[in-house]
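Here are the chains, one letter per residue:
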2 protein chains.
Amino acid sequence: MSKILGNSVIEFKNPPFVLGYASVGGIMEKEGPLGGNFDLLFDDPLIGQKSWEKAESQLQKNALEIALEKSKIAPKDVGVLFAGDLLNQCISSTFGIMDFQIPFAGIYSACSTVALSLIMASAFIDGGFADTSAVVTSSHYCSAERQYRFPLEYGALRPPSSQWTATASGSVVLGKTPTKIKVTKGLIGKIQDFGITDQNNMGAAMAPAAADTILRFFSESGEVPENYDRIFTGDLGFIGSELFVEICQREGLNIKNKHSDCGLLIYNRRSQDVHSGGSGAGCSASVLAADILPKLLSGQYRKILFCATGALLSPTSVLQGENIPTIAHLVEICGI
Amino acid sequence: MSKILGNSVIEFKNPPFVLGYASVGGIMEKEGPLGGNFDLLFDDPLIGQKSWEKAESQLQKNALEIALEKSKIAPKDVGVLFAGDLLNQCISSTFGIMDFQIPFAGIYSACSTVALSLIMASAFIDGGFADTSAVVTSSHYCSAERQYRFPLEYGALRPPSSQWTATASGSVVLGKTPTKIKVTKGLIGKIQDFGITDQNNMGAAMAPAAADTILRFFSESGEVPENYDRIFTGDLGFIGSELFVEICQREGLNIKNKHSDCGLLIYNRRSQDVHSGGSGAGCSASVLAADILPKLLSGQYRKILFCATGALLSPTSVLQGENIPTIAHLVEICGI
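Basis of the calculations
- All residue numbers refer to positions counted from 1 along the written sequence of the respective chain.
- Numbering of ligands from 1 and lettering of chains from A proceed in the order in which they are written.
- Note on the predicted model: pLDDT of at least 70 is required for a residue's local features to be given, and 80 or more for side-chain atom pairs to be given and counted; whole-chain, interface and lining totals, by contrast, use all residues.
- Hydrogens and water are ignored here; the side-chain numbers use all heavy atoms of the structure.
- Note on definitions: a residue-residue contact is assigned when non-hydrogen atoms from the two residues lie within 4.5 Å.
- Each of two parts loses accessible area, computed with a 1.4 Å probe, when they are put together; buried area is these two losses added.
- Salt-bridge detection follows one rule: a side-chain nitrogen of Lys or Arg within 4 Å of a carboxyl oxygen of Asp or Glu.
- For this analysis, a polar contact is any N or O atom pair within 3.5 Å, provided that within protein one partner can donate a hydrogen and the other can accept it, and provided that sequence-adjacent residues contribute only side-chain to side-chain pairs.
- Counting from the N terminus, the helices are the DSSP runs of H or I reaching at least four residues and the strands are the DSSP runs of E reaching at least two.
- Basically, the charged four are Asp, Glu, Lys and Arg, the nonpolar ten are Ala, Val, Leu, Ile, Met, Phe, Trp, Tyr, Cys and Pro, and anything else, Gly included, counts as polar.
- To superpose the copies, least squares is applied to the C-alpha atoms of every residue with a pLDDT of at least 70 in both.
- Working convention: axes come from line fits to C-alpha atoms, limited for helices to the stretch in contact. Angles between N-to-C directions cover 0 to 180 degrees.
- Here a crossing is taken to be left-handed if its near helix is turned anticlockwise relative to the far helix by less than a right angle, and right-handed if that turn runs clockwise.
- Each cavity reported here is a set of points on a 1 Å grid over the protein atoms alone in which a 1.4 Å probe fits but cannot get out, each pocket an open set with protein on both sides within 12 Å along at least five of seven lines, and each lining residue one with an atom within 4 Å of a point.
- Grid points are joined across faces, edges and corners, and a volume is the space filled by probe spheres set on the points.
- Oblique is the label for every angle not falling under 35 degrees (roughly parallel), over 145 degrees (roughly antiparallel), or within 65 to 115 degrees (roughly perpendicular).
- The buried label goes to any residue with under 20% of its type's maximum accessible area, the exposed label to any with over 50%, and the partly exposed label to all in between, with areas taken from a 1.4 Å probe on protein chains only.
- In this analysis, rings of Phe, Tyr and Trp, with Trp reduced to its six-membered ring, are considered paired at centre separations within 6.5 Å, and the interplanar angle assigns stacked below 30 degrees, edge-to-face beyond 60, and tilted for intermediate values.
- In this text, buried Ala, Val, Leu, Ile, Met, Phe, Trp, Tyr and Cys residues form a nonpolar core when linked through side-chain atoms within 4.5 Å.
- One less than the residue count of a helix, multiplied by 1.5 Å, gives the span that helix is expected to have.
- Strand pairing is assigned whenever DSSP identifies at least 2 bridges connecting the two strands.

Enquirer: Pulling in residues and values, what's your account of the interface of chain A and chain B?
Expert: Contact with chain A, which involves 64 residues of that partner, is made by 64 residues of chain B. Per-residue buried area on chain A facing chain B is highest for Gln89(A), Phe129(A) and Ile191(A); these three make up 16% of the total on that side. The tally of links from chain A across to chain B stands at two salt bridges. Taken together, the links from chain A to chain B amount to 19 residue pairs in polar contact (both at pLDDT 80 or more). Mapped by element, the contributors of at least two residues to the side of chain A that touches chain B are helix 2 (52-71), strand 5 (80-84), helix 3 (91-97), strand 6 (104-106), helix 4 (113-126), helix 5 (141-148), helix 10 (315-319) and strand 15 (326-335) of chain A. Take the side of chain A that touches chain B: its biggest share by element is six residues, from helix 4 of chain A. Among the residues making up the side of chain A that touches chain B, the classes are represented as 34 nonpolar, 20 polar and ten charged.

Enquirer: Hey, could you go over the relation of the copies chain A and chain B for me, with residue numbers and the actual values?
Expert: Take chain A, turn it by 180 degrees, move it 0.0 Å along the axis, and it overlays chain B with an RMSD of 0.0 Å. On the angle and the small slide along the axis, the relation comes out as a two-fold axis. By residue overlap, the copies meet face to face through one surface: 100% of the interface positions of chain A are interface positions in chain B.

Enquirer: So, the packing of helix 6 (residues 202-221) of chain B against helix 7 (residues 237-250) of chain B: which residues are in play, and what are the values?
Expert: Residues and elements named next belong to chain B. Running from N to C, helix 6 and helix 7 point in directions that differ by 35 degrees, and their axes come no closer than 8 Å. When the axes of helix 6 and helix 7 are compared, the crossing they make is right-handed. Facing helix 6, whose interface residues are Gly203, Ala204, Ala207, Pro208, Ala210, Ala211, Ile214 and Leu215, helix 7 presents Gly240, Leu243, Phe244, Ile247 and Cys248. Across the contact of helix 6 with helix 7, the residue classes tally to eleven nonpolar, two polar and no charged.

Enquirer: Tell me what's going on with empty space enclosed by the protein, and back it up with residues and numbers.
Expert: If you walk through the whole model with that rule in mind, you get six cavities of 30 Å³ or more. Of the pockets and cavities examined, the largest cavity occupies roughly 180 Å³. Contributing elements (two or more residues each) for the lining of the largest cavity: helix 5 and helix 6 (202-221) of chain A. Of the residues that constitute the lining of the largest cavity, the class distribution is ten nonpolar, eight polar and one charged. By volume, the second largest cavity amounts to about 140 Å³. If you list the elements that add at least two residues to the lining of the second largest cavity, you get helix 5 (141-148) and helix 6 of chain B. For the lining of the second largest cavity, the per-class residue count stands at ten nonpolar, three polar and one charged.

Enquirer: Mind laying out the packing of helix 2 of chain A against helix 5 of chain A, listing which residues take part and the relevant values?
Expert: All names here are of chain A. Viewed as axis vectors pointing N to C, helix 2 and helix 5 meet at an angle of 135 degrees, and their least axial separation amounts to 8 Å. Taken as axis vectors, helix 2 and helix 5 run oblique relative to one another. Of the two elements, helix 2 crosses helix 5, and the hand of that crossing is left-handed. Contact residues: Trp52, Glu53 and Glu56 in helix 2; Cys142, Ser143 and Arg146 in helix 5. In terms of residue class, the contact of helix 2 with helix 5 is built from two nonpolar, one polar and three charged.

Enquirer: Could you give an account of the environment of Thr113(B), naming the residues involved and the relevant values?
Expert: Residue and element names in this part refer to chain B. Position of threonine 113 relative to the elements: it lies in helix 4 (residues 113-126). Its relative accessible area of 0% is what places threonine 113 among the buried residues. As a C-alpha pair, threonine 113 and glycine 280 span 167 residues in sequence and 9.5 Å in three-dimensional space. Sequence-distant contacts of threonine 113, defined by excluding residues within four places in its chain, comprise Gly84, Ile107, Tyr108 and Thr137.

Enquirer: Can you lay out the packing of aromatic side chains for me, pointing to particular residues and giving the numbers?
Expert: Counting across every chain of the model gives 18 aromatic pairs over all chains. A centroid spacing of 5.7 Å and a plane angle of 70 degrees characterise the contact between Phe12(A) and Phe129(B), whose relative ring orientation is edge-to-face. Placement of Phe12(A) in the loop between strand 2 (9-11) and strand 3 (17-25) and of Phe129(B) in the loop between helix 4 and strand 7 (132-139) is noted, with the two residues assigned to different chains. Aromatic pair Phe124(A) and Phe129(A): ring centres 5.4 Å apart, planes at 65 degrees, arrangement edge-to-face. Accessibility expressed as a relative area gives 4% for Phe129(A), which makes it buried.

Enquirer: Any details on the nonpolar core? Residues and values, ideally.
Expert: Counting residues in hydrophobic clusters, the biggest one holds 134 residues, and the most contacted among them are Ile214(A), Phe244(A), Ile214(B) and Phe244(B). Counting residues in each nonpolar core, the second largest holds 110 residues, with Phe82(B), Ile266(B), Leu293(B) and Tyr301(B) among its members.

Enquirer: Tell me about helix 2 (residues 52-71) of chain B, and name the residues and values.
Expert: Residues and elements named next belong to chain B. A rise of 1.5 Å per residue sets the reference length of helix 2, with its 20 residues, at 28 Å; its end C-alpha atoms lie 29 Å apart and thus fit the reference within 8%. Counting buried residues along helix 2, 15 of its 20 residues qualify, which places the element largely inside the surrounding structure. Where helix 2 terminates, the next one or two residues include lysine 72, which has phi positive at roughly 55 degrees.

Enquirer: Give me the lowdown on the pairing of strand 7 (residues 132-139) of chain A, citing residues and values where you can.
Expert: Residues and elements named next belong to chain A. The element strand 7 is largely enclosed, with a buried count of eight among its eight residues. The side-chain alternation of strand 7 yields two buried faces, one formed by Thr132, Ala134, Val136 and Ser138 and the other by Ser133, Val135, Thr137 and Ser139. Pairing analysis gives five bridges linking strand 5 to strand 7, with the strands arranged parallel. From the neighbouring strand, valine 80 faces strand 7, where its bridge partner is serine 133. Bridge count between strand 7 and strand 9 (residues 168-175): eight bridges; the pairing is antiparallel. By the bridge assignment for strand 9, alanine 134 is matched with valine 173.

Right, here's the structure in full:
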């Protein structure tokens with residue numbers, strides 16, 4: 001049976017292995033620093049579909065398909081699939097993965113969905129509830145803008161603090177067959193609310209959630225930042241990353257030299273017009289599959305923390321003047 | 001380690017025990033056949049809040065609070081909370097449970113969220129990932145109508161096939177301390193799509209999903225309907241229940257005499273104007289906590305199946321002319 005370190009850090013007794021992974025992106029992701037690492041890239045934002053929502057479904061479909069192919073696993077042999085996205089009622093997941101006919105557990109945790117899904121998928125392998133499990137999450141710039149802010153046709157201006165929702169999907173397949181990468185620990189986040197109400201400043205809203213999870217992890221697990229090659233946050237962007245490092249510093253945790261943010265890795269802020277950086281449920285997921293897992297496979301990283309962050313707002317809650325509550329979930333992944 | 005029966009039926013090796021549960025409802029639920037069994041009922045649909053969404057959050061807050069009190073468990077001792085609802089980005093869960101500061105895993109599976117959450121919460125206890133876990137889900141007639149159909153102020157007519165979204169929340173707390181009720185098996189559903197596009201006929205859309213899960217359960221688990229006191233579906237309503245029993249019959253499974261539907265138990269269709277019956281993520285959850293679990297506790301039931309059903313549509317997917325995909329998740333619960 002797995003151990004619980006401190007109050008809530010899960011240490012997997014039989015850590016699940018990463019059998020395969022895939023990343024799919026759009027034109028902005030292609031032009032970004034990780035463009036060469038994606039498994040599949042589309043120049044057409046509609047990906048031949050009739051709507052942005054269907055295009056996003058197609059990203060998930062492709063990501064899961066490629067991850068399964070690379071894992072040499074047939075859909076019928078996957079015991080459970082954890083998937084989610086940012087859209088109302090998670091429809092890009094539903095329509096993206098339904099044809100695979102894999103038992104489906106829908107996860108909603110905004111941009112942190114990939115980390116929460118990885119914890120669930122790992123727990124299902126470790127606990128013996130599935131022999132193989134899979135994760136896929138996505139976001140699409142155009143479907144997210146229409147959902148959360150304005151239809152693109154309005155041409156609304158985006159303030160400098162805003163982030164660019166990645167048109168991307170990442171998928172990971174986990175199982176019991178030993179490979180060079182395994183998921184060793186997990187920590188489920190608690191909701192934080194520091195009174196931020198500006199949906200164009202998600203980084204500031206999410207930074208306290210990332211800090212809470214990271215601080216709790218180091219306090220309860222007995223680990224220290226020096227044990228890790230890198231500590232990744234999901235999509236705090238430029239502003240959120242600065243705040244995150246500062247909050248950690250104030251609490252006595254210096255991780256500035258270890259920290260990278262997926263929202264800053266996916267785009268080049270100097271040459272791409274993404275303001276504070278990337279975001280979206282497909283941002284950290286695709287960076288995980290396009291950059292982090294390959295470096296664990298090659299031996300460049302031996303042990304990393306991946307802490308995805310999410311803003312649990314809805315257009316309705318924003319219009320009703322509510323704060324933006326946020327959350328961050330964490331997994332520890334090791335190369336062998 | 002837990003066993004997988006057939007391809008995907010989870011048999012918990014150390015079945016988690018039900019430490020406590022609670023049901024909260026509104027005026028229609030009070031006037032229904034189970035009214036006397038609810039822990040808390042509100043005559044005011046706004047529950048003193050400023051919006052339907054906040055009122056729904058309050059239902060979750062009360063349900064979780066009462067379930068924890070009855071379980072004699074403090075929020076800080078709950079390892080993980082699985083929660084979800086029908087609203088965009090699951091905001092009634094986020095705002096309902098954030099003050100408890102319990103590690104939070106958001107689940108989206110429409111009206112089947114309670115069953116999927118119970119599977120997750122059980123797996124986390126059985127696998128040793130938490131000592132105590134909790135589940136809470138909700139729906140609210142007014143927030144759901146505004147979200148999915150029309151604002152109530154329009155006075156839109158509802159066709160006879162439509163169902164009444166329950167204003168209700170149900171919560172269950174699970175742990176390792178032996179009690180008289182335990183969760184013994186789980187089965188995660190696969191998405192079904194039989195071409196239904198009418199969002200006022202959810203029962204017809206969900207019946208094939210319920211049948212698929214029930215048929216798969218009996219085919220893979222080695223169990224037969226005679227082993228169960230009752231087999232509950234989530235919220236198929238009158239039309240969906242007839243279809244469900246008929247599909248099972250065609251596939252050689254006669255469960256007519258064992259079957260009850262939570263959407264038909266919660267209201268009196270003769271005296272209450274609910275058309276085809278109740279529905280919503282709070283419907284099956286509150287019936288579970290107000291009727292099924294008490295009867296397992298009293299010994300009236302010894303072994304039941306609880307198969308909650310969900311329609312994975314969004315207003316966007318409906319407007320775009322997509323079909324309504326559906327899913328059903330199942331748990332087996334035993335009295336001792």
